[in-house]
Amino acid sequence: MAPPSDDKSIGDAAAGATTQGIEHALRMIARSDNELLQQPIIVVGAGRSGMNFLGDAIAQHPRLAVAHEPRLIWKHGNDRLSDALQARHARPEVIADIRARFASVVRKAGKERYIDVTPGNSVRLPFVDRVFPDCRFVHFIRDGVDNVLSMRRFYGVVARSLRSNTPKLRDSFMARRAKELRWKQAPYMAMEAIRHLAPPWLLPVVGMPVVGVRLPAMSAMRQEMDLLDVCFLQWRTSVELACQFGRSLPPGRYIECRIETFCEDDLRRIYDFLGLEISPQAIEFVRRNFEPGRIGPAMQDCFPEELQRLRRMVEPTMQWIEANPHAATAGTT
């Protein structure tokens, strides 16, 4: 009998792979939402703090399905409000909708555990905790001066358009929002689009555009305050609210790390905190994408007097963080 041809061997391998893929898909469909949402990982931090980098580093693990900034899903049922939601806003129907949609993310990806990277969550940890009572919070903190200046530069690039300047999100911004959108959210997204695209003379009527974490009365703050002060308030509110709530949780629920001292050992500590074995892909991702001590271009856009004023503003919060390190903090020396 003649030996099997190479074409037949390739065909058998392909058929086997297809069968395995179908079996895996059927197993994922059979798993309940609660199974797919056990101990989800919630990466929080101020906008422009490096959250997307940290989320991607953790998400290199083959079991994890990551979602970047699914803002409209988190706001379902609370669209009239700012991002600073409280536990009382997590009504049963809201919880059910959010959990179902994130379980779908894990199921479609064929993974086993969910990881979320959304800046707005930093000011609504009580709400997130009500939605995911067994979640694990990872808080990435960046030096206040660098963070605020980066946010101000982000406004200059993004606020007058509907595009993101984050490469991984840039081309998919509108497509992602369209997928997240529920019909009841359409009026709010339409107003947001108008504010981003309106000519300057119309802004006093429709309101100023806002990016990053949506605090109460943000559009009014944009009209009446210097942009540097607005960005500072976004940073301080995000960092302080996340620290205050996170540090009140029982051990094993919350961890902090600093971007300025971040290294591979910190990533290992985070993985250990999450109950995961370190992924070689994660180590490689950090080595390839992270430059310790790198100062971004935001510093170049700051006048000396602005820098001096900003340092005075951020100093109390940074001193509090450094003088009272969290017991589970990664990234400290």
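Shown above is the structure to which this text applies.
Bear in mind the structure is a predicted one, so any value in this text is a computation, not a measurement.

J.: Teacher, can you tell me more about the overall build of the chain here?
T.: Each helix and strand in the chain was counted, giving 16 helices and 5 strands. When each of the 333 residues of the chain is scored for burial, the buried share is 50%. Across the chain, the fraction of contacts at a sequence separation of at least 24, relative to all contacts at a separation of at least 6, is 78%. Put simply, the chain shows about 16500 Å² of open surface, and 56% of that area lies on carbon and sulfur atoms.

J.: How should the pairing of strand S1 (residues 41-44) be read in this particular structure?
T.: On a regular strand, one side chain projects to one face of the sheet and the next to the other, so that they alternate. Residues of S1 alternate between two faces, with Ile 41 and Val 43 on one and Ile 42 and Val 44 on the opposite face, all of them buried. Relative to strand S3 (residues 113-117), S1 runs parallel, the two sharing 3 bridges. Across the sheet, residue Val 43 finds its bridge partner in S3, namely Val 117. The sheet contact formed by S1 and strand S4 (residues 136-141) spans 4 bridges and is parallel. Pairing of Val 44 across the sheet is with His 139, part of S4.

J.: Quick question: what am I supposed to make of helix H5 (residues 92-109) here?
T.: Given 3.6 residues per turn, any residue in an α-helix points the same way as the ones three and four places further on. For H5, spanning 18 residues, the distance from its first C-alpha to its last is 26 Å, which sits close to the expected 26 Å at 1.5 Å a residue. Along H5, the residues classified as buried are Val 94, Ile 95, Asp 97, Ile 98, Arg 99, Arg 101, Phe 102, Ala 103 and Val 106. Directly beyond the C-terminal end of H5, a positive phi value near 70° is found at Gly 110.

J.: Please explain the environment of Gly 246 as it appears in this structure.
T.: Along the chain, Gly 246 turns up in helix H13 (residues 227-246). C-alpha of Gly 246 to C-alpha of Ser 122: the two residues are 124 residues apart in sequence and 9.7 Å apart in space. In this view, Gly 246 contacts Leu 125 and Tyr 254; residues no more than four positions away in its chain are not counted.

J.: Please clarify how unusual backbone geometry should be interpreted in this entry.
T.: Where the residue is not glycine, phi is negative for most of them; where a peptide bond is considered, it is trans in most cases. Of note, Arg 48 is a non-glycine position whose phi angle comes to about 70°, a positive value. Along the polypeptide, Arg 48 turns up in the loop between S1 and helix H3 (51-58). Here Arg 48 falls in the partly exposed class, since its relative accessible area comes to 29%. The phi dihedral of Ala 217 is positive, around 60°, even though this residue is not glycine. With respect to the helices and strands, Ala 217 occurs in the loop between helix H11 (203-206) and helix H12 (218-224).

Cut-offs used in this document
Throughout this description, residue numbers start from 1 for each chain and increase along the sequence as written. With pLDDT at 70 or above as the cut-off, local features in this predicted model cover only qualifying residues; side-chain atom pairs require 80 or more to be listed or tallied, and sums for whole chains, interfaces and linings still use all residues. For side-chain calculations, the full set of non-hydrogen atoms in the structure is used, while hydrogens and water are omitted. Under the DSSP-based scheme used, a helix requires at least four consecutive residues in state H or I and a strand at least two consecutive residues in state E, with every element numbered from the N terminus. For each residue, the accessible area found with a 1.4 Å probe, counting protein chains only, is set against the maximum for its type, and the residue is called buried under 20%, exposed over 50%, and partly exposed in between. Contact definition: two residues touch when any of their heavy atoms are within 4.5 Å. Only the protein chains shown count as cover for residues, and all accessible areas are computed by the Shrake-Rupley method using a 1.4 Å probe. Any two strands with at least two DSSP-identified bridges between them are counted as paired. Working rule for helices: expected span equals 1.5 Å times residues minus one.

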